[in-house]
Amino acid sequence: MRARRHGCWDHLIAAPLWVAYGANLGTLLRTCDAVGACMAVPRTPHYRGALAKGNTLPGRSCVHWVAPSKLGWLRDQRRRGARLVAVELTEGALPLPRAQAARHRTVVMLGHEHGGIPPDALELADEVLEIPMTGRGVSLNVAVAGSLVLYRLAGLM
Ligand SMILES: C[S@@+](CC[C@H](N)C(=O)[O-])C[C@H]1O[C@@H](n2cnc3c(N)ncnc32)[C@H](O)[C@@H]1O
């Protein structure tokens, strides 16, 4: 394997705030590391356990612990100047190939495996990104969707 310098830029933050399955959180954490992003997750035993188990990376990962309220944290990020991007299949969403790399602090919301992103969080989004699909499935696995978007917003593809 190639050795490389790496540093988390702390301007791109994946926020799988509603993702339930540990395997998906572990996959997203690896993608975050690969693209120089951080991850924001609720400070609960479920997320702590999932990241501890799913973290296959050496050293410390850049994790922001969200507490007590997810919506409160999102509003606070916005107040501090972050752009809130929801990754979701919605009417009027921007197709991912048209999205530009993030130049300023950007929070990338990812939804629950069954329920998606709750409506009250979607309302806070400055932009919704959709990954075009032509197959028979109605949606992608959330870790796949998040990884594609993070690579794009990191400017790596
Ligand atoms: C399995 S999907 C949720 C599907 C859920 N049944 C729904 O209707 O919202 C889980 C998450 O993955 C992301 N996702 C999956 N496919 C996507 C796509 N094609 N475009 C944008 N986001 C997608 C979204 O964040 C979504 O909330």
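Residues numbered from 1 in each chain as written. Predicted model: local features only at pLDDT ≥ 70, side-chain atom pairs only at ≥ 80, totals over all residues. Heavy atoms only, no water.

Asker: Honestly, helix 5 (residues 142–153) in this entry has me stumped. Any pointers?
Answerer: Each α-helix turn comprises 3.6 residues. Residues three or four places apart therefore point the same way. For helix 5, which comprises 12 residues, the first-to-last C-alpha distance of 16 Å matches the rise-based estimate of 16 Å (1.5 Å per residue) to within 8%. Inspection of helix 5 places V142, A143, A145, G146, S147, V149, L150 and L153 among the buried residues, and these make up the whole buried set. Next to the buried residues of helix 5 lie strand 1 (12–15), helix 1 (22–35), strand 4 (83–87), strand 6 (106–109) and strand 7 (127–130). Sitting at the head of helix 5, N141 places a side-chain oxygen 2.7 Å from the backbone nitrogen of A143. A positive backbone phi angle near 80° is found at G155, which sits one or two residues after helix 5. (Helix = DSSP H or I, 4+ residues; strand = E, 2+ residues; numbered from the N terminus. Expected span 1.5 Å × (residues − 1). Buried < 20%, exposed > 50% of the residue type's maximum accessible area, 1.4 Å probe, protein only. Contact = heavy atoms within 4.5 Å. Polar contact = N/O pair within 3.5 Å; in protein donor to acceptor, adjacent residues only side chain to side chain.)

Asker: Can you help me understand the site of the ligand in this one?
Answerer: Within the structure, the ligand sits among 19 residues, and V87, E88, H114, I131 and L140 are positioned closest to it. Take V87: an N or O atom from its main chain is 2.6 Å from an oxygen atom of the ligand. One of the backbone nitrogen or oxygen atoms of G111 is found 3.0 Å away from an oxygen atom of the ligand. Isolated, the ligand exposes 580 Å² of accessible area, and the fraction of that covered by the protein chains is 81%. Mapped onto the shell around the ligand, the elements with two or more residues apiece are strand 7 and helix 5. Residues of the shell around the ligand, tallied by class, amount to 10 nonpolar, six polar and three charged. (Near = heavy atom within 4 Å. Areas by Shrake-Rupley, 256 points an atom, 1.4 Å probe, with all protein chains shown as cover. Nonpolar A, V, L, I, M, F, W, Y, C, P; charged D, E, K, R; others polar.)

Asker: Teacher, can you tell me more about the state of the cysteines here?
Answerer: Think of a disulfide as a covalent bridge from one cysteine sulfur atom to another cysteine sulfur atom. Scanning all chains against the criterion turns up one disulfide. Across the disulfide, C38 is cross-linked to C62 (sulfur-sulfur distance 2.1 Å). Looking along the S-S bond of the C38-C62 disulfide, the torsion reads about 85°, which is the right-handed sense. Placement of the pair is C38 in strand 2 (residues 38–42) and C62 in the loop between helix 2 (45–54) and strand 3 (63–66), with a sequence separation of 24 residues. Accessibility expressed as a relative area gives 0% for C38, which makes it buried. Residue C62 is classed as partly exposed on the basis of its relative accessible area, which comes to 27%. Unpaired in this structure, C32 has its nearest cysteine sulfur neighbour in C38, at a distance of 7.6 Å. On the basis of relative accessible area, C32 is assigned to the buried category, the value being 2%. (Disulfide = S-S within 2.5 Å.)

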